[in-house]
Amino acid sequence: MEEVRLTYKVKKYRKQYVVVIEAKSFNSLSEAKEFIESVFKKAKKESKPINGVIHFAGLKSVAESVMNPLKYWENNFIGSFNLIKSMSENNCRTIVFSSSATIYGTTNQKLFQEDTEINPSNPYGETKATIEKILKTKHDVSSEPISLTSGDTLCSVSYTHL
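Since we're looking at a predicted model, the values are computed, not measured.

Observations concerning the overall build of the chain
Then comes step 1: Helix and strand content of the chain: four helices and five strands.
Then comes step 2: Reading the secondary structure of the chain in the N-to-C direction produces β-β-α-β-α-α-β-α-β.
Then comes step 3: Taken over 162 residues, the chain has a buried fraction of 35%.
Then comes step 4: In the chain, once contacts between residues fewer than 6 apart in sequence are set aside, the share between residues at least 24 apart is 62%.

Points about helix 1 (residues 29–45)
Then comes step 1: With 17 residues, helix 1 extends 24 Å from end C-alpha to end C-alpha; this agrees with the ideal 24 Å at 1.5 Å per step.
Then comes step 2: Those residues of helix 1 not exposed but buried are L29, A32, F35, I36, V39, F40 and A43. Burial along helix 1 is one-sided: seen end-on, the buried residues are contained in an arc of 130 degrees. Away from its buried face, by an angle of more than 90 degrees, helix 1 presents the exposed residues E34, K41 and K45.
Then comes step 3: Phi for S47, located one or two positions after helix 1, is positive at around 60 degrees.

Brief notes about the confidence of the model for the chain
Then comes step 1: Scored by pLDDT, the chain has a mean of 75; 71% of the residues are at 70 or more.
Then comes step 2: For the chain, the element scoring lowest by mean pLDDT is strand 5 (residues 155–157), at 43; helix 2 (residues 62–67) scores highest, at 92.
Then comes step 3: Taken together, the stretch residues 1–5 has pLDDT below 50 and engages in 13 contacts with residues farther than four places along the chain or on a different chain.
Then comes step 4: Scored below 50 in pLDDT, residues 145–162 makes 50 contacts in the model with residues more than four places away or belonging to other chains.

Some words on the environment of K128
Then comes step 1: Inspection of the secondary structure puts K128 in helix 4 (residues 123–141).
Then comes step 2: A sequence separation of 31 residues divides K128 from F97, and the C-alpha atoms of the two residues are 9.4 Å apart.
Then comes step 3: Not counting residues up to four positions away in its chain, the partners in contact with K128 are F97, S98, S99, S100 and I103.

Observations regarding the packing of aromatic side chains
Then comes step 1: Going through the model one piece at a time under the given rule, you end up with three aromatic pairs.
Then comes step 2: Ring centres of Y72 and Y124 lie 6.3 Å apart, and the angle between their planes is 90 degrees; this geometry places the pair in the edge-to-face category. Of the two residues, Y72 sits in helix 3 (residues 69–89) while Y124 sits in helix 4, which places them 52 residues apart along the sequence.
Then comes step 3: With a centroid separation of 5.8 Å and an interplanar angle of 70 degrees, the aromatic rings of W73 and F77 are classed as edge-to-face. Highlighted residues: W73 and F77, both in helix 3, separated by four residues, approximately one helical turn.
Then comes step 4: Residue W73 is classed as partly exposed on the basis of its relative accessible area of 28%.
Then comes step 5: Members of the aromatic cluster, joined through ring pairs, are W73, F77 and F81.

Examining the environment of A32
Then comes step 1: Along the polypeptide, A32 turns up in helix 1.
Then comes step 2: Using a relative accessible area of 11% as the deciding quantity, one classes A32 as buried.
Then comes step 3: The spatial distance from the C-alpha of A32 to the C-alpha of G79 is 7.5 Å, given a sequence separation of 47 residues.

Describing the packing of helix 1 against helix 3
Describing two packed helices takes the angle between their axes plus the distance from one axis to the other.
Then comes step 1: With their axes 10 Å apart at the nearest point, helix 1 and helix 3 run at an angle of 30 degrees to one another. If you check the angle between helix 1 and helix 3, you find them roughly parallel. At the point where helix 1 passes helix 3, the crossing takes the right-handed sense. Each of L29, K33, I36, E37 and F40 in helix 1 lies in contact with helix 3, whose residues at this interface are E74, I78, G79, N82, L83, S86 and M87.
Then comes step 2: Looking at the contact of helix 1 with helix 3 residue by residue, the class counts come to six nonpolar, three polar and three charged.

Parameters at a glance
Residues numbered from 1 in each chain as written. Predicted model: local features only at pLDDT ≥ 70, side-chain atom pairs only at ≥ 80, totals over all residues. Heavy atoms only, no water. Helix = DSSP H or I, 4+ residues; strand = E, 2+ residues; numbered from the N terminus. Buried < 20%, exposed > 50% of the residue type's maximum accessible area, 1.4 Å probe, protein only. Contact = heavy atoms within 4.5 Å. Expected span 1.5 Å × (residues − 1). Arc of directions from axis to C-beta. pLDDT = per-residue confidence, 0-100. Phe/Tyr/Trp six-rings, centres within 6.5 Å; stacked < 30°, edge-to-face > 60°. Axes fitted to C-alpha atoms, helices over the stretch in contact; angles between N-to-C directions. Parallel < 35°, antiparallel > 145°, perpendicular 65-115°, else oblique. Left-handed = near helix turned anticlockwise from the far one by under 90°. Nonpolar A, V, L, I, M, F, W, Y, C, P; charged D, E, K, R; others polar.

This is the structure:
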């Protein structure tokens, strides 16, 4: 992986603390995991425990994912898994996850609904669909579910160009 230094801010939003990470790329997944864990620890130490994450990080080229699928599984899936695990370990249950319309595969459909069949046709879409599945499973089985607000809600943002 190429090296890019990361900056982050913990911002207060509606009496909650949310982390904003502004650049992303590491030499290794273990370095990325250590960074994420350090952000949660530092915020907790400063009495600003992180209550939510807006997750827009990830590789996003369908063509590249077909040519180099392991890169996408490593970065998008394992990176997201480590983030979700760190969130869980730090009692952070609020996430907005940026998914993709590629989870629906090749279709003539222009608009998608939450009940549209998920059928990705490339590694990029597979990683996004798998992350959504993990978030949904965690939400469904948790006594204190991942939520967007204080209610029982899971938010995953999927988008396409019209």
